[in-house]
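Secondary and tertiary structure notes
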Amino acid sequence: MAVKKSITYRDVIESVRKKEYAPVYLLMGEESYYIDCISEYMEQNILKPEERDFNQQVIYCQKDDDNLVSNIINTAKKYPMMSDHQVLIVKEAQNLLKFDDLIYYVKNPVKTTILVICYKHSSIDKRKKILAAIEEVGMVFESQKIRESALPSFIADYLRKRSVMIDNNACMMMAENVGNDLCRLSGELDKLIISLPDGRKQITAEDVEKNVGISKDFNMYELKSAIEAKDVYKANMILNYIIDNLTVKDCIYMVALLFSLFSNIMLMYYAPDKTKNGLMQQLNIKSDFQLTKMMDAQRNYSAMKAMLIISKIREADAMMKGVGKGNTSNGDILRELVYFILH
């Protein structure tokens, strides 16, 4: 069954802030960052500190426990002590062997219990009865992976809430090199905040290079920038520097990065609205800085060349995954791809 309403992160937080509690919350999806944020917020904000000892419990699910669902249901049916509510947070619920059996509780939940189910790394099949039952009485939040194009905005917002700014180059370095694993990304941003000297509230590319281990001159983001600018000398200099240090995952990510670049160039050529606002909407970006870089890149590659490059990128991606690769190294595949792009 399809989800009746798309519940956002803010919807869930706001419901808790207003004390408009649902008896059951299901937090599910591929992106664990928002699931963790919501569950931590609930742990800290539903009950008063003096109420938590007797009325708040966190259960961690293990795959080999056949009786865990029964234990969860029995705990959820208890009544609070000297409090209006009890909070039961079930973490790693994707490990539950009999997850669907929770429906026996969900169909008739205890009004004084707030059951929070954290189901990570995937979403429950929309056709399952348990999902429809939870939607009927509670809130279902699906945490989806953030688009790479939205990472700069996430980084800027995350730091702004902590009264810290970041320059464009440093922001793009973090977005391109750390990627859209928000748990890792937020951890690296926290590391940068802590590393800032007293009184300084601006993160620079030098800070990223020093504390995150990303060179501001020789990294995948700078290679992509050199390719955007069609700077053959700089692109080859960076490629020669980084190619020996690239893992298989890095090489595949670099190919994905280039595919995204040239796919966006093609979208710009065929965008129905070629105004600034139209292009930003077409590319799903919000930064003038990003749009300027994309427009510069478009000027360096014709639509036909971009189309041929995309075909070559697909070929390189298949080879890195073992199709017709032979004894060719991933570094040599990437080197040949960059040569084709630039010539």
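Residues numbered from 1 in each chain as written. Predicted model: local features only at pLDDT ≥ 70, side-chain atom pairs only at ≥ 80, totals over all residues. Heavy atoms only, no water.

1. Some remarks on the overall build of the protein chain
We apply this condition: Strands here are runs of E lasting at least two residues and helices are runs of H or I lasting at least four, both read from the DSSP assignment and numbered beginning at the N terminus. Only protein chains enter the accessibility calculation, which uses a 1.4 Å probe. A residue is then buried if its area is under 20% of the maximum for its type, exposed if over 50%, and partly exposed in between. When charges are counted, neither His nor the chain ends are considered; positive counts come from Lys and Arg and negative counts from Asp and Glu. By convention, charge coordinates are those of NZ in Lys, CZ in Arg, CG in Asp, or CD in Glu.
When helices and strands are counted, the protein chain shows 17 helices and seven strands. Within the protein chain, the fraction of its 343 residues that count as buried is 49%. Averaging the positions of the 46 positive and the 46 negative side-chain charges in the protein chain gives two centres separated by 4 Å.

2. So, the packing of aromatic side chains
Going by this rule: Pairing of aromatic rings covers Phe, Tyr and Trp, the last through its six-membered ring, and needs centres within 6.5 Å; plane angles under 30 degrees mean stacked, over 60 mean edge-to-face, and all others mean tilted. Whether a charge sits over a ring depends on NZ of Lys or CZ of Arg being within 6 Å of the ring centre and within 35 degrees of the ring normal.
One pass over the structure, following the stated rule, counts six aromatic pairs. An angle of 75° between the planes, with centres 5.2 Å apart, marks the rings of F99 and Y119 as edge-to-face. One end of the pair, F99, is in the loop between β3 (86–91) and α5 (103–106); the other, Y119, is in strand β4 (residues 113–120), with 20 residues separating them in the sequence. You can call F99 buried: its relative accessible area is 8%. Each member of the aromatic cluster is reached from another via a ring pair, and the members are Y9, Y33, Y34, F154 and Y158. If you follow K305 out to its NZ or CZ, it ends over the ring of F340, 4.4 Å from the centre. For the cation-ring pair, K312 lies above F340, with the distance from its terminal atom to the ring centre recorded as 5.5 Å.

3. Quick notes on the sheet that holds β3
As a reminder of what qualifies: We treat two strands as partners when DSSP finds at least two bridges between them. To get an axis, fit a line to the C-alpha atoms, keeping to the stretch in contact for a helix; angles then go from 0 to 180 degrees between the N-to-C directions. The contact rule is simple, with two residues in contact once any of their heavy atoms fall within 4.5 Å.
Strand order in the open sheet made by the five strands is β2-β3-β4-β1-β5, with parallel pairing throughout. Both edges of this open sheet fall to β2 (56–60) and β5 (139–142), since each of them pairs with a single strand only. Between one strand axis and the next, the sheet turns through 10° on average, direction left out of account. Lying on the sheet, helix α4 (residues 68–76) is in contact with β2, β3 and β4; it crosses β3 at an angle near 165°. Lying over the sheet, helix α6 (residues 129–137) contacts β1 (24–29), β4 and β5, oriented at roughly 130° with respect to β1.

4. Some points on a nonpolar patch on the surface
As a reminder of what qualifies: For patches, a residue must show more than 30% relative accessible area and have no salt bridge; joins then use 9 Å for like charges and 5 Å for nonpolar side chains, namely Val, Leu, Ile, Met, Phe, Trp and Tyr. What sets the accessible areas is the Shrake-Rupley method with a 1.4 Å probe; for residues, cover comes only from the shown protein chains. The salt bridge criterion pairs a side-chain nitrogen of Lys or Arg with a carboxyl oxygen of Asp or Glu, the two atoms within 4 Å.
Taken together, the side chains of Y270, M304, M307 and L308 define a hydrophobic patch exposed on the protein surface, amounting to about 450 Å² of accessible area. In this structure, M304 sits in helix α16 (residues 303–320).

5. Quick word on the pattern of salt bridges
Evaluated as defined, the whole model comprises 19 salt bridges. Salt-bridge contacts for K145 lead to E31; the nearest nitrogen and oxygen are separated by 3.5 Å. Here K145 is found in the loop between β5 and α7 (151–160), whereas its partner E31 is found in the loop between β1 and α2 (32–45), with 114 residues between them in sequence. Of the residues examined, E31 reaches a relative accessible area of 1% and is grouped as buried. One continuous salt-bridge network, built from bridges that share partners, spans E14, R17 and K18.

6. Some thoughts on helix α11 (residues 220–228)
Across the nine residues of α11, nine count as buried, placing the element largely inside the fold. Listing the buried residues of α11 in full gives M220, Y221, E222, L223, K224, S225, A226, I227 and E228. Where α11 terminates, the next one or two residues include K230, which has phi positive at roughly 55°.

7. A look at the nonpolar core
Let me state the cut-off plainly: We define the nonpolar core as a collection of buried residues of types Ala, Val, Leu, Ile, Met, Phe, Trp, Tyr and Cys that are connected through side-chain atoms lying within 4.5 Å of one another.
Core analysis: the largest hydrophobic core is formed by 42 residues, its most contacted members being L223, I227, F262, I265, Y301, L337 and I341. With 11 residues, the top contributor of residues to this core is helix α13 (residues 248–269). If we skip the residues at most four places from it in the chain, F262 touches I227, Y301, A306, I309, I310, I313 and I341. By size, the runner-up hydrophobic cluster in this structure holds 29 residues, among which are V69, I72, L96 and V110.

8. Concerning the environment of I227
Structurally, the position occupied by I227 is in helix α11. You can call I227 buried: its relative accessible area is 0%. Linking I227 and L261, residues 34 residues apart in sequence, is a C-alpha distance of 9.6 Å.

9. Regarding the packing of α2 against helix α9 (residues 182–195)
Think of two packed helices as two axes; the pair is described by the angle between the axes and how far apart they sit. The test is simple: When describing relative orientation, an angle under 35 degrees is termed roughly parallel and one over 145 degrees roughly antiparallel, while 65 to 115 degrees is termed roughly perpendicular and anything else oblique. Under the scheme applied here, ten amino acids are nonpolar (Ala, Val, Leu, Ile, Met, Phe, Trp, Tyr, Cys and Pro), four are charged (Asp, Glu, Lys and Arg), and all others, including Gly, are polar.
For the pair α2 and α9, the least separation of the axes is 7 Å and the interaxial angle reads 70°. If you check the angle between α2 and α9, you find them roughly perpendicular. On α9, the residues that touch S32, Y33, Y34 and D36 of α2 are L182, C183 and S186. By residue class, the composition of the contact of α2 with α9 is four nonpolar, two polar and one charged.

10. Remarks on the pairing of β1
Counting buried positions along β1 gives six out of six residues, so the element sits mostly inside the fold. Going residue by residue along β1, you find V24, L26 and M28 tucked away on one face and Y25, L27 and G29 tucked away on the opposite face as well. Looking at chain direction, β1 and β5 are connected through four bridges and run parallel. In the sheet register, M28 faces β5, and the bridge partner there is E142.

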